[in-house]
Amino acid sequence: MYQTHKTYITPDMKMSELIIENPSLLLLLEHFEIDFAVKEKTIEQICAENKIDLPVFLVFGNLYNGFYPDEKEITALEDISSIILFLKNSHRFYKHDKYPELKYFIGQLHERHNTEDILLIEKFFNEYFEEVLEHLDYEESVAFPYICRLIEKERIEQNNDFSAKEYSDHHTDIETKLTDLKNLLLKHISLKNDLSLRRKFLFSLFELEFDLNIHSIIEEKILLPLVGKIETEPENG
Amino acid sequence: MNIAVLEPSQIIVEGLSNMLMKLKKNFYIYRYSDLEELKNSTVKEQFQIAFVNPTTIQNRISDFVKLKNNYPQILWIALVYSFFDDEVIRKFDETLLVTATPDQIARKLGHFNTGAEKNQQEDLSEREIEVLSQLVKGLSNKEIADKLNISIHTVISHRKNIIEKTGIKSLSGLTIYAITRKIIHFDIYS
């Protein structure tokens, strides 16, 4: 998946130039806890300084630029802890940044238009985010600890609660509802005025959608196969 | 307009993209190098056109046909370099030769545009409204079929049309749609 106007990222490129081309890469940096003042540094230098695994950074960065990794690139990844760091920080972004922001915008809309339609949208959004939070909790309390124990090579009890199918079902529901919300706002709910507030709300939704999309690709197409690989490895002793 | 290009050659993709851009339409072009990648894409439902190099589906025709049937809104165009097995080509909606001029491409897409306008009539038919109002009351396909005296198959096809026309899939989203269109009353939801 890629849009032809974005660059395919390689280790020798300058981070600043890439950000200017695609500002969404700031989200990538934030999720890796990398400072935005990247100066003239290349991708390789930035990864080394911040102790982020270069292959993981490249695959993720290219997802933000619209390139879907091929199977070889995925199976070559080794540093699962960089992946988990990234995912945990994305969760923080959804919970403590996006969620309050969207909630604030809806609250403002509600204040200015006390209509049935907005009430419904607010209700829909709350239900939707309830689901998102539930899923994030599931990942944090079940999936991530399981994966961490796995890479620490600890023996895993036979009956763990982790299920790859459940993981991916959650994602589909979350993405469906987000698309619905967008379509309701753009096609079906009629409001008057407040364009600036509504634009901010929609932009915020699009940003969330963009990041969530990449998030589920990382979890389903990258993390899960890697975990599956470790699970089937014969035990070393 | 979102366009998928399933083509292993970067040169061909860039060339095609360039020609499409010159048509001065608002295209987003996504490139996939094999069928698996396209199947895994998260943006499939946004595509209106897919250019496909038939060699990429040659040994996986049944997979391709399945994908094509799942996304009937997409115009599937075979991107043909030279003579190709007719049996494969017939699976596509259209054919485009790599030797095509920009004019010929514009015409292919122009033909597509008239088709798109038809789809944009988003108003639901009377029957679809009936199905929707039962659906948001929580009735199952079977119950709706019994109540409206139609087959389950018909209910399912109405549901498919409702989703396609409204762009909304979830039941709670459809409920909101139904309320804002006054198909059902607000009280039912609250």
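Here the structure is a predicted model, which means the values were calculated and not measured.

Asker: So what's going on with the overall build of chain A? Residues and values would help.
Answerer: Within chain A one finds nine helices and zero strands. Listed by position from the N terminus, the elements making up chain A come as α-α-α-α-α-α-α-α-α. Within chain A, the fraction of its 237 residues that count as buried is 27%. Counting only contacts in chain A whose residues sit at least 6 apart along the sequence, the fraction spanning at least 24 positions is 74%.

Asker: With reference to specific residues and values, describe the overall build of chain B.
Answerer: Along its length, chain B carries nine helices and five strands. Along its sequence from the N terminus, chain B presents helices and strands in the succession β-α-β-α-β-α-β-α-β-α-α-α-α-α. Counting only residues that meet the buried cut, chain B has 26% of its 190 residues in that class. Once local pairs closer than 6 in sequence are excluded, the contacts in chain B between residues at least 24 apart make up 63%.

Asker: Just give me the short version of the interface of chain A and chain B, but keep the residues and values in it.
Answerer: Listed as interface residues are 21 residues of chain A and, on the opposing side, 24 residues of chain B. Counting only elements with at least two residues in the side of chain A that touches chain B, the list comes to α7 (116–151), α8 (164–188) and α9 (195–232) of chain A. Counting residues per element, the side of chain A that touches chain B draws most heavily on α8 of chain A, which supplies seven residues. The residue inventory of the side of chain A that touches chain B, partitioned by class, reads eight nonpolar, six polar and seven charged.

Asker: Hey, could you go over unusual backbone geometry for me, with residue numbers and the actual values?
Answerer: All names here are of chain A. A positive phi angle, near 60°, is found at Glu33, a position not held by glycine. Within the secondary structure layout, Glu33 lies in the loop between α2 (25–31) and α3 (43–50). Unlike most non-glycine residues, Lys51 shows phi in positive territory, near 55°. Mapped onto the fold, Lys51 is located in the loop between α3 and α4 (54–64).

Asker: Before we move on, can you summarise the sheet that holds strand β2 (residues 28–32) of chain B with the specific residues and values?
Answerer: Residue and element names in this part refer to chain B. In spatial order, the strands read β2-β1-β3-β4-β5; together these five strands make up an open sheet with parallel pairing. For this open sheet the edge positions go to β2 and β5 (94–97), each flanked by a neighbour on one side alone. Strand-to-strand twist across the sheet, computed as the mean angle between neighbouring axes with direction ignored, equals 25°.

Asker: Tell me about the environment of Ile12 of chain B, and name the residues and values.
Answerer: Residues and elements named next belong to chain B. Position of Ile12 relative to the elements: it lies in helix α1 (residues 10–21). Here Ile12 falls in the partly exposed class, since 17 other C-beta atoms lie within 10 Å of it. In this structure the C-alpha to C-alpha distance between Ile12 and Val98, which are 86 residues apart in sequence, comes to 8.3 Å.

Asker: Before we move on, can you summarise the pairing of β2 of chain B with the specific residues and values?
Answerer: Residues and elements named next belong to chain B. Among the five residues in β2, four count as buried, and that is most of the element. Strand direction decides the pairing type here: strand β1 (residues 2–6) and β2, joined by five bridges, are parallel. When the sheet's bridge partners are listed, Asn2 is paired in β2 with Tyr28.

Asker: If you had to explain helix α6 (residues 126–135) of chain B to someone new, which residues and values would you point to?
Answerer: Along an α-helix, residues three or four apart share an orientation, since each turn contains 3.6 residues. All names here are of chain B. When α6 is considered as a whole, its buried residues turn out to be Val131, Leu132 and Leu135. One face of α6 carries all of its buried residues, which in axial projection span an arc of 100°. Where α6 is buried, its residues contact α7 (141–148), α8 (152–166) and α9 (171–180).

Asker: Summarise the nonpolar core; cite the residues concerned and give the values.
Answerer: For soluble globular proteins, nonpolar side chains are generally found buried alongside one another. Val56, Phe57, Phe60, Leu63, Ile83 and Ile218 of chain A are the most contacted members of the largest nonpolar core, which has 33 residues in total. Within the residue set of this core, elements represented by two or more residues are α1 (15–21), α2, α3, α4, α6 (80–112), α7 and α9 of chain A. Counting contributing residues per domain, this core is built from domain 1 (15–75) and domain 2 (80–232) of chain A, each supplying no fewer than three. The contacts of Phe57 of chain A, once residues within four sequence positions are left out, are Phe32, Ile43, Cys47 and Ile52 of chain A. In this structure, Leu109 and Leu181 of chain A together with Val136 and Ile162 of chain B belong to the second largest nonpolar core, which totals 29 residues.

Asker: Outline α1 of chain B, listing residues and values.
Answerer: Residue and element names in this part refer to chain B. Here α1 spans 16 Å end to end across 12 residues, near enough to the 16 Å set by a 1.5 Å rise per residue. Listed in full, the buried residues belonging to α1 are Val13, Leu16 and Leu20. Along the axis of α1, the buried positions cluster into a sector of 70°, meaning they face one direction only. Away from its buried face, by an angle of more than 90 degrees, α1 presents the exposed residues Gln10, Ile11 and Asn18. In this structure, the buried residues of α1 make contact with β1, β2 and β3 (47–52).

Asker: Please give an account of the confidence of the model for chain B that cites residues and values.
Answerer: The predicted coordinates ought not to be read in detail in places where the model reports low pLDDT. Residue and element names in this part refer to chain B. With 89% of its residues at a pLDDT of 70 or more, chain B shows a mean pLDDT of 85. In the model of chain B, helix α5 (residues 102–119) stands out as the element of lowest mean pLDDT, 63, in contrast to α7, which has the highest, 94. Predicted confidence for residues 114–119 stays below pLDDT 50, and this span has two contacts to residues more than four positions away or in other chains. For this predicted complex, the interface confidence reaches an ipTM of 0.76, while the overall pTM sits at 0.70.

Asker: Outline the pairing of β1 of chain B, supporting the account with residue identities and numerical values.
Answerer: Residues and elements named next belong to chain B. Summarising burial for β1: four of the five residues are buried, a large majority. Looking at chain direction, β1 and β3 are connected through five bridges and run parallel. Bridged to Asn2 within β3 is Phe47.

Reading the values: the criteria
- Residues numbered from 1 in each chain as written.
- Chains lettered and ligands numbered in written order.
- Predicted model: local features only at pLDDT ≥ 70, side-chain atom pairs only at ≥ 80, totals over all residues.
- Helix = DSSP H or I, 4+ residues; strand = E, 2+ residues; numbered from the N terminus.
- Buried ≥ 20, exposed ≤ 12 C-beta atoms within 10 Å, placed from the backbone.
- Contact = placed C-beta atoms within 7 Å.
- Nonpolar A, V, L, I, M, F, W, Y, C, P; charged D, E, K, R; others polar.
- Pairing = 2+ DSSP bridges.
- Axes fitted to C-alpha atoms, helices over the stretch in contact; angles between N-to-C directions.
- Arc of directions from axis to C-beta.
- Core = buried A, V, L, I, M, F, W, Y, C linked by C-beta atoms within 7 Å.
- Domains from an automatic or database assignment.
- Expected span 1.5 Å × (residues − 1).
- pLDDT = per-residue confidence, 0-100.

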